[in-house]
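Observations on the three-dimensional arrangement
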Amino acid sequence: MCLGIASVMLYSRRELKISELSLKSSDSKSDTQVTCVLVARVGERDLRMGFFMLTEDRAQRDDLLQKLPVIKHDILISTGRPEFLSALELRDFDSIREHLLTTVNQYAKNPVDDLYFESYYFD
């Protein structure tokens, strides 16, 4: 009986090629995107904004993740600038997106083409 179970396990392992599967990189979302959530007090108002950027490969993703604290700091500092504050108040997502992309690409080795909003609250 033990011999039968062992032979089934070896046969199924060979058929599934487990060793080959474990060497392949996954194509999950987390391998190709960088998510950022900003939470700040802007004057008397609260800002909570979540967005994500799609990356071309893991190297670009890892580069952005490494630089994300500096990018977030720069974005948070820019909330005090009148033109960005105005875009936040008017919910001008095109201007906000442009500002965020400019800030991200200032630090990125490979530029990011676009970013997508997941959440936005400014009140």
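For the structure itself, consult the block above.
First things first, this report covers the structure right here in the doc. (Residues numbered from 1 in each chain as written. Predicted model: local features only at pLDDT ≥ 70, side-chain atom pairs only at ≥ 80, totals over all residues. Heavy atoms only, no water.)

A closer look at helix α6 (residues 93-107)
Spanning 15 residues, α6 covers 21 Å between terminal C-alpha atoms, matching the ideal 21 Å at 1.5 Å per step. Buried within α6 we find Ile96, His99, Leu100, Leu101, Thr103 and Val104. Elements in contact with the buried residues of α6: β2 (45-54), α4 (58-78), α5 (82-90) and β3 (115-122). (Helix = DSSP H or I, 4+ residues; strand = E, 2+ residues; numbered from the N terminus. Expected span 1.5 Å × (residues − 1). Buried < 20%, exposed > 50% of the residue type's maximum accessible area, 1.4 Å probe, protein only. Contact = heavy atoms within 4.5 Å.)

Digging into the side chain of aspartate 74
When you line up the elements, aspartate 74 lands in helix α4. Arginine 81 provides the closest opposite charge to the buried, unpaired aspartate 74, separated from it by 4.3 Å. There is a polar contact of 3.1 Å between the side chain of aspartate 74 and the side chain of tyrosine 107. Look past the residues within four positions of aspartate 74 in its chain and what remains in contact with it is Arg81, Thr103, Gln106 and Tyr107. (Lys, Arg positive; Asp, Glu negative; His and termini not counted. Salt bridge = Lys/Arg side-chain N within 4 Å of Asp/Glu carboxyl O. Polar contact = N/O pair within 3.5 Å; in protein donor to acceptor, adjacent residues only side chain to side chain.)

Observations regarding the environment of leucine 85
Topologically, leucine 85 is positioned in helix α5. On the accessibility criterion, leucine 85 (23% relative accessible area) is partly exposed. Ignoring any residue separated from it by four or fewer positions in sequence, one finds leucine 85 in contact with Val42, Thr79 and Phe122.

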